[in-house]
Amino acid sequence: MSELITAELVDLGLSAGTKEAAARSLAERMAALGRVTDLDGFLADVAAREAQMPTGLDGGIGIPHCRSAHVTEPTLAFGRSAARIDFGAPDGPADLIFLIAAPDGADSDHLTILSSLARQLTRQEFTDALRSADSAEAVAALIRGDEPALPDPGDPAAEEVAEVLAASEALAGRAAPEAPADLADAEVLAPPEAPEVLADRETLAASEVPADPVAPLVPASPDTLAAPKTSATPTDPTDPATPESSEPFRIVAVTSCPTGIAHTYMAAEALEQAARAAGVVFAVETQGSAGFTKLDARTIAAADGVIFAHDVEVRERARFAGKPTVDVGVKAGVNRPAELIAELREMAAAAPATVRAAAPMDTAAAPEDGFATRLRTWLMTGVSYMVPFVAAGGLLIALAFAIGGYQIDKAPSVAAHFAWTESASWAALFFQTGGAAFAFLVPVLAGYIAYGMADRPGLVPGFVGGSIALTVNAGFLGGLIAGLLAGGAVLAVQRVGVPPVLRGIMPVVVIPLISSAVVGFLMFLVVGKPVASLQKALTDWLSGLSGANAVVLGVVLGLMMCFDLGGPLNKCAYAFAVGGLADPNDGSLKVMAAVMAAGMVPPLAMALATTVRGRLFTKAERENGKAAWVLGASFITEGAIPFAAADPLRVIPSAMAGGAVTGALSMAFDCTLRAPHGGVFVVPLIGAPFLYLLAIAAGVAVSAGLVIVLKGLGKPEPGAAPVAA
């Protein structure tokens, strides 16, 4: 490959008055070197990209760019305009113009050039050097990061080249090395580092500072950032008497912009530099247009806070839940990174108790995980998006039953008849609105399973497949299968090579069309009827549940709800129960009641244990125990996670035992529940409410007693204070 930029591709006196003229002037230089084969065709591609979104950046910079079939190899041309040219940047016209061209289909080359250049442009010394350089050779050397052939010693340009090279090396905080052997060794346009590498560099920057403050950093192991914080003496972090930790502050960040190129990486670079200056351990996830590499779950769990610098929705935002968060636009990440870091530190200091380390069941599947792990993650993605529909629809239906009685399902449409002063009309309104929300359960489940597999292209065939599952009466199981089929169809289509002329319409027309047709064929003609038969058999089995069979199912569901406290098994049991509410019968209502009762046990049991034997728990755990009363009563099983994360071998088995007892008793008492959520606040809607509360109390007592016994066996009391005998 030829050099990315040469002196022939530099114009220090760019005289164009418009961005179109500037692009043509620089493109002509590319064409003269044979790197552009059709000048007008290439400029049309540049204009098409510019029409999508302005390519001007703050600081007097314009970066017109595109992929084009008329480009033979990745190329960068640079122009400096004294008159300045408007590229749509908010702060005004640009005097530094970079025209970047990549061959059509060379996504990695194109994005590497753009993202690396964007990172360099955050450095004032870099742009100052470009503005002060007097020779094309010097500018090309600075951008390329590669020492060009020096002019003759008597040539005045020689001194200029040397000065600019020295400025370039100063950017990296090191002495100028020998010229790299090829472009791959260049400092300025090296490929952007993966988040894990950035994390490793920043870990060393904060915790293993070399004696030489400008010595290059050596990558550490991936576990370094996620290593647990330790101190010489075990302390209670919530105790005011505990000295301030000497551990470095840890931040994770996500940056993204609409194009996923320039501002995304400029914000990442600016935050990285500010974190280095502040002595902060830092890791960033750049959600660019070529996709993104997720931060390791351990890295996120170990972080003290999160910075979101974004102009588009952060993907998989739930991974960062529970952390102090500064949420701003991407330009704030570029322009004031130090302020954001300071703001986050103040926020974390003001509310450290809101930060929790993720329990093992919270970790997401990594790309290298096996198929079973990835399958679980896909299914849980669908379930997590379905749950809000379940909660809203189910509670509205439950409220309708409470107001209008169980016969309200036979009320006429409120669109045709609604009396403002009649409670029955309001009950019918709630019931029909809740029913509308419930109608989305299977399509949303299928759509977001496909989304978890194939990102946005999976949504259309996923929703179509879920809707067909309802049409053929395949129900909840049909939705699961439709989502997997839709995601698989999209991934298959994406692997097929297509002509360049079709690439622009692939995500909008081709992928949705082909994948939806495939899913429709499979759901209507192949798998729909067998799955519908299986769904009917499951429904009939639930309807006939009684006696020992019901109790055994209650035990199993109780164990699943309490094993991982909101993790995959918990969600599977909950999804099983919610799926039955879509077509309710006596058996499915019993299952829903048992699942909710068992899910309430772990936090209530931990709350009771910290109240009865507080000396067995740390001060932080005692404080968490107070909150666990409310969380447990509200059916938020995750309220027990802080206890399980700190002492899993004692807490989890105890919780499972209590959950099994509660699940079995709930089924034995024939308790039923029409609401999918609500905890004790929906007790009036429960069949046999007093026996239901008795079942919960029994499970809580069993779990709390076991925790107290296990913690008291051969274990010092960490929070114990001297007490008179």
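Here, the structure is the one placed above.
Scoring rules and cut-offs
Residues numbered from 1 in each chain as written. Predicted model: local features only at pLDDT ≥ 70, side-chain atom pairs only at ≥ 80, totals over all residues. Heavy atoms only, no water. Core = buried A, V, L, I, M, F, W, Y, C linked by side-chain atoms within 4.5 Å. Buried < 20%, exposed > 50% of the residue type's maximum accessible area, 1.4 Å probe, protein only. Helix = DSSP H or I, 4+ residues; strand = E, 2+ residues; numbered from the N terminus. Contact = heavy atoms within 4.5 Å. Pairing = 2+ DSSP bridges. Axes fitted to C-alpha atoms, helices over the stretch in contact; angles between N-to-C directions. Parallel < 35°, antiparallel > 145°, perpendicular 65-115°, else oblique. Left-handed = near helix turned anticlockwise from the far one by under 90°. Nonpolar A, V, L, I, M, F, W, Y, C, P; charged D, E, K, R; others polar.

Visitor: Teacher, can you tell me more about the nonpolar core here?
Guide: Within soluble globular proteins, side chains that are nonpolar tend to cluster in buried spots. In terms of nonpolar packing, the biggest core is built from 75 residues, with Met-386, Met-592, Val-595, Met-596, Leu-673 and Tyr-692 touching the most fellow members. With 15 residues, the top contributor of residues to this core is helix α20 (residues 586-612). Ignoring anything within four residues of it in the chain, the contact list for Tyr-692 reads Ala-593, Met-596, Ala-597, Ser-666, Cys-671 and Ile-686. Of all hydrophobic cores here, the second largest spans 48 residues; its members include Leu-76, Ala-77, Phe-126 and Val-334.

Visitor: Where do I start with the pairing of strand β5 (residues 75-85) in this structure?
Guide: Regular strands place side chains that alternate from one sheet face to the opposite one. Of all 11 residues that make up β5, eight are buried, and the element is covered over most of its length. By the bridge criterion, two bridges tie strand β1 (residues 10-11) to β5 in an arrangement that is parallel. The residue bridging Asp-11 from the neighbouring strand is Gly-79, located in β5. Pairing analysis gives seven bridges linking β5 to strand β6 (residues 94-103), with the strands arranged antiparallel. By the bridge assignment, Thr-75 is partnered in β6 with Ala-101.

Visitor: Looking at this model, I keep getting lost on the packing of helix α1 (residues 19-32) against helix α2 (residues 39-52). Mind explaining?
Guide: Packed helices, taken two at a time, are described by the angle between their axes plus the distance between the axes. Direction vectors running N to C along α1 and α2 enclose 140°, while the axes themselves pass 10 Å from each other. In terms of their interaxial angle, α1 and α2 are classed as oblique. Crossing of α1 against α2: the hand is right-handed. From α1, Lys-19, Ala-23, Arg-24, Ala-27, Glu-28 and Met-30 reach across to α2, where they touch Leu-39, Asp-40, Phe-42, Leu-43, Val-46 and Glu-50. Looking at side-chain class alone, the contact of α1 with α2 contains seven nonpolar, no polar and five charged residues.

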